[in-house]
Amino acid sequence: MLSHIDICRMNRLMEHNPEAKNIIEQLLQNHQTIVSLISHEIRNPLTLISSSLQLMEQTHPEVRDFSNWDQTMQDLNFLCQLLSELSAYNNGSTLRYQVFSLQKLLRSVAVSFAISLENASVSFRSSIDPAIKDYAGDQIKLREVLLNLLKNARESQADEIVLSASSGCDTSGIQISIRDNGCGIEQDQLDQIFQAFHTTKQEGTGLGLSLSKRIIEAHHGTLTVTSAPGKGSTFTVFLPL
Ligand SMILES: Nc1ncnc2c1ncn2[C@@H]1O[C@H](COP(=O)(O)OP(=O)(O)OP(=O)(O)O)[C@@H](O)[C@H]1O
Ligand SMILES: [Mg+2]
């Protein structure tokens with residue numbers, strides 16, 4: 001993975017040298033295609049294996065008693081999840097623009113998340129400014145970002161999560177923040193959490209935040225975080241209008 005410094009260097013080189021810009025753009029395109037092809041080719045047989053195992057489980061329920069069955073199924077699911085997140089990450093900057101009601105999207109995400117919390121001992125509130133209207137962007141990818149941030153908040157062992165969205169007083173953009181009172185993030189980890197594959201979770205792929213940042217930056221926005229260890233974190237998305 002290229003570091004932030006390498007990306008800045010590459011951007012400077014591209015600004016000053018049109019020929020280098022052309023070659024680098026082709027290389028990046030090529031790289032993106034290869035990652036898509038590889039994940040696609042691995043996903044096909046993997047889906048077949050997964051379906052066969054599920055069928056086997058249905059016809060022979062006794063296999064669930066095999067000592068490594070559950071672990072094998074879990075590992076397989078993790079691999080499928082990793083591949084779809086890798087593919088989503090790879091396509092993170094390719095947006096399908098449409099004009100849609102951001103207000104409705106935020107409300108629908110809040111409802112879906114609240115439903116997913118049923119029976120969980122965590123309280124969730126949302127405060128969505130009714131002044132938020134239509135927005136031109138990729139609705140599906142923005143939904144994914146919000147769900148990623150909410151999922152992280154949930155996994156932070158918070159007992160309170162708040163989603164707030166406002167169109168701001170200067171109307172230059174829309175600010176969406178997700179605050180939790182969970183475990184928080186150590187200062188020295190803050191720089192790393194947006195890097196691909198950085199995770200502190202046993203079942204995590206570490207792609208959620210890097211993908212989310214990529215999507216928000218493709219909308220010319222920002223994704224920032226403030227956090228206090230032991231007290232909680234706030235992730236803020238700013239989308240310019
Ligand atoms: N709300 C939060 N509170 C505390 N730590 C967080 C929070 N959000 C992210 N992190 C830290 O940032 C790391 C990277 O998050 P990211 O969403 O990219 O990956 P992940 O959650 O570990 O895995 P995945 O999203 O693929 O399930 C997490 O492993 C966790 O250490
Ligand atoms: Mg995550």
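As a reminder, the structure under discussion sits directly above these lines.
Report follows, based on the coordinates.

About the criteria used
Residues numbered from 1 in each chain as written. Chains lettered and ligands numbered in written order. Predicted model: local features only at pLDDT ≥ 70, side-chain atom pairs only at ≥ 80, totals over all residues. Heavy atoms only, no water. 1 Å grid on protein atoms, 1.4 Å probe; cavity = no way out; pocket = protein on both sides within 12 Å on 5 of 7 lines; lining within 4 Å. Points joined across faces, edges and corners; volume = space filled by probe spheres on them. Helix = DSSP H or I, 4+ residues; strand = E, 2+ residues; numbered from the N terminus. Nonpolar A, V, L, I, M, F, W, Y, C, P; charged D, E, K, R; others polar. Near = heavy atom within 4 Å. Polar contact = N/O pair within 3.5 Å; in protein donor to acceptor, adjacent residues only side chain to side chain. Areas by Shrake-Rupley, 256 points an atom, 1.4 Å probe, with all protein chains shown as cover. Sits in = over half its atoms within 2 Å of the grid points.

**Details of empty space enclosed by the protein**
Leftover empty space is mapped by rolling, across the atoms, a probe with the size of a water molecule.
Now for step 1: The final tally for this structure, using the stated rule, is one cavity of 30 Å³ or more.
Now for step 2: Of the volumes computed, that of the largest cavity is approximately 40 Å³.
Now for step 3: Lining the largest cavity, in full, are Leu102, Leu142, Val145, Leu146, Ile176, Ile216, Val237 and Leu239.
Now for step 4: With three residues, the single largest contributor to the lining of the largest cavity is helix 5 (residues 139-155).
Now for step 5: Residue composition of the lining of the largest cavity, grouped by class: eight nonpolar, no polar and no charged.

**So, the site of ligand 1**
Now for step 1: As a matter of local geometry, ligand 1 sits amid 23 residues, with Lys151, Thr199, Thr200, Lys201 and Thr205 nearest to it.
Now for step 2: The contact in question runs from an oxygen atom of ligand 1 to an N or O atom on the side chain of Thr205, over 2.4 Å.
Now for step 3: Coverage of ligand 1 by the protein chains reaches 96% of its 590 Å² of free accessible surface.
Now for step 4: Its atoms largely coinciding with the cavity grid, ligand 1 occupies the second largest pocket.
Now for step 5: Listed by contribution, the elements that provide at least two residues to the shell around ligand 1 are helix 5, helix 6 (208-218) and strand 7 (232-240).
Now for step 6: When residues of the shell around ligand 1 are assigned to their parent elements, the largest contribution, four residues, is made by helix 5.

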